[in-house]
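Structural characterization, general
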Amino acid sequence: MNILVIGSGGREHALVWKLARSSRSRRIFAAPGNAGTALENKVENVPIKEHNIPALLQFAQEHKIDLTIAGPEIPLCNGIADAFQEKKLRLFGPSKAAAQIEGSKTFCKEILHKGNVPTAKYHTFTSGHTAVEYLNANQNGPVVVKADGLAAGKGVFVCNDRSEAVDAVLRITKQREFGSAGDRIIIEERLEGQEASVLAVTDGKTILTLQPAQDHKAAFDGDTGPNTGGMGAYSPAPIVDDASLHWIEEYIFVPTVHALKEANAVFKGILYAGLMMTKKGPKVLEYNARFGDPECQPLLFRLKTDVIDIFEAAIDGKLDELPPLEWDSRPAVCVVMASAGYPGSYEKGFPIQGLDEAAKVPDTKVFHAGTALNEAGQIVNNGGRVLGVTGLGSSVAAAKAAAYSAVQRIHWDGAWHRNDISDKAVEI
Ligand code: AMP
Ligand code: GLY
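Notes on the structure follow. Everything quoted here is computed from the prediction, not taken from an experiment. Once a new chain begins, its residue numbering starts again from 1 and follows that chain's sequence as written. Going through the entries in the order they are written, you letter the chains from A and number the ligands from 1. For this predicted model, a pLDDT threshold of at least 70 governs which residues receive local features, and a threshold of 80 or more governs which side-chain atom pairs are given and counted, while totals over whole chains, interfaces and linings are taken from all residues. The basis for every side-chain value is the complete set of non-hydrogen atoms in the structure, without hydrogens or water.

A short note on the overall build of the chain
Each helix is a run of DSSP H or I of at least 4 residues and each strand a run of E of at least 2, with the numbering of both proceeding from the N terminus. The secondary structure content of the chain amounts to 14 helices and 22 strands. C-alpha atoms define the radius of gyration in this analysis, and the globule rule sets the expected value at 2.2 Å times the number of residues to the power 0.38. For the chain, whose C-alpha radius of gyration is 21 Å, the value lies close to the compact-globule estimate of 22 Å for 428 residues. Along the longest, intermediate and shortest principal axes, the C-alpha atoms of the chain span 60 × 45 × 45 Å. The burial tally for the chain puts 58% of its 428 residues in the buried class. Should any heavy atoms of two residues lie within 4.5 Å, those residues are counted as being in contact. Counting only contacts in the chain whose residues sit at least 6 apart along the sequence, the fraction spanning at least 24 positions is 68%. Surface exposure here means Shrake-Rupley accessible area, sampled with a 1.4 Å probe, where a residue is shielded only by the protein chains that are shown. Accessible surface, the chain: about 17900 Å² in total, of which carbon and sulfur atoms supply 48%. Measuring between centres, the 45 positive side-chain charges of the chain sit 2 Å from its 51 negative side-chain charges. Burial classes: relative accessible area under 20% of the type maximum marks a residue as buried, over 50% as exposed, and values in between as partly exposed (1.4 Å probe, protein chains only). In summary, the charge assignment counts Lys and Arg as positive and Asp and Glu as negative, without counting His or the chain termini. Charged side chains are reduced to one point each, which is NZ for Lys, CZ for Arg, CG for Asp and CD for Glu.

Structure representation (structure tokens):
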């Protein structure tokens, strides 16, 4: 079958890599993809941006695409699943209504409330003035201030006290740093604990929980420095043991999927729960309506089941007929290599050396994220997060060693990475 994967990050490289390994795929198109997607067997990049729904639709019609997978949240929140469905094209991913679980934090909180799902206590505001009044009257301790809409992961402020919280409110509502995404804001209780990412595939009726994973959002070792899109991930995450995973299914995913259905927003696709593992149990920090990046990379590296079977069963509402998912029992660790300056501004265009040498390290795979080809045909850095170097091993320590052994062979001007990816798993 012909497949279209929308997006250009490490998540999308992992998706096309996995899809290419299926005997059911014939041609795979990555729109727009990156330098790594184009190197995979069966895969061709097409220069259509992920936001351009009309052009993606036209491409899918003209190239007789049998299955489309939307990687990032923006096309999903803008209704790509509805647009494809209207033209009888098969796309894996939630409708615009269901994707609001990620697109609007107030909608997400309403669903959590309806489903009685554990989450931080919160208040919503539509003006900065009332939010500041609330803070002055009620709060001087730690709180979290969030812009309601999509803000590329930047609209969340974890505050230590009232003055930081007031400052965050003003940045969202007065300076309008996130534009209309800040028309509504949430102020919520700050939770303590370790974070975990638990993803599930659902057709709106059946829920198949994937193996747990853990992301590293802070830029530097020891979880210090600014927040990033994720500097590395690993799976499984020992902090989510089998008993916790069952609990999360029963008390988090089941009521959420049910509440979405009640709200006329049946969710079909990947439901990603960002969880805080608090002393009182797991609580939802946020939902995403897609695979996490980098979590997708170690997850797909470990998944043995053919993803085409999973995506099709979800589209057809037949996940209940799918045999249990099969996993490589070995842990996987993904280390992100980034451009100098990321998550701030950075220079692009430095040639990347050592990819061939890295490819020789057994049980590893270098997934590309922000890479491109220059005019001389060299692979260069073209984004903040550049590569996701992923390794498998008989233990977390062995998977980490494999990943870093490949990392050590790769160089470009300014390349950097964290050195402690997965150490949290070893400490447990
Ligand atoms: P979100 O986009 O809502 O997941 O927030 C991004 C990050 O902010 C999370 O990964 C957490 O590190 C942090 N965060 C969000 N909400 C809370 C909360 N209620 N308590 C503590 N940290 C939070
Ligand atoms: N790794 C976090 C995310 O994909 O949102």
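Observations concerning the packing of helix α1 (residues 10-20) against helix α11 (residues 307-316)
Helix axes use the C-alpha atoms of the stretch in contact, all axes being lines fitted to C-alpha atoms, and the angles between their N-to-C directions lie in the range 0 to 180 degrees. Packing of α1 against α11 leaves a shortest axis separation of 8 Å and a crossing angle of 105°. Judged on the interaxial angle alone, α11 and α1 are roughly perpendicular. Listed contacts from α11 to Leu-15, Lys-18 and Leu-19 of α1 are Val-307, Ile-308 and Phe-311. We call Asp, Glu, Lys and Arg charged. Ala, Val, Leu, Ile, Met, Phe, Trp, Tyr, Cys and Pro are nonpolar, and the rest, Gly among them, are polar. Of the residues in the contact of α1 with α11, the class split is five nonpolar, no polar and one charged. Angles are sorted into four bins: roughly parallel if under 35 degrees, roughly antiparallel if over 145, roughly perpendicular if 65 to 115, and oblique for all others.

Overview of the environment of Ile-379
By secondary structure assignment, the location of Ile-379 is in strand β21 (residues 379-381). Taking the relative accessible area as the measure of exposure, Ile-379 reaches 17% and is therefore buried. Between the C-alpha atoms of Ile-379 and Val-117, which are 262 residues apart in sequence, the distance is 46 Å. Discounting chain neighbours no more than four positions away, the residues touching Ile-379 are Ala-35, Leu-39, Phe-350, Pro-351, Ile-352, Leu-355, His-368, Thr-371, Ala-372 and Leu-373.

Re the pattern of salt bridges
One speaks of a salt bridge when a side-chain nitrogen belonging to Lys or Arg is within 4 Å of a carboxyl oxygen belonging to Asp or Glu. Counted by the stated rule, this structure contains 24 salt bridges. Here Glu-312 and Arg-24 are joined by a salt bridge, their closest N and O atoms 2.7 Å apart. In this pair, Glu-312 is assigned in helix α11 and Arg-24 in the loop between α1 and β2 (27-32), connecting sequence segments 288 residues apart. What makes Glu-312 buried here is its relative accessible area of 15%.

That is the geometry; function is a separate question.
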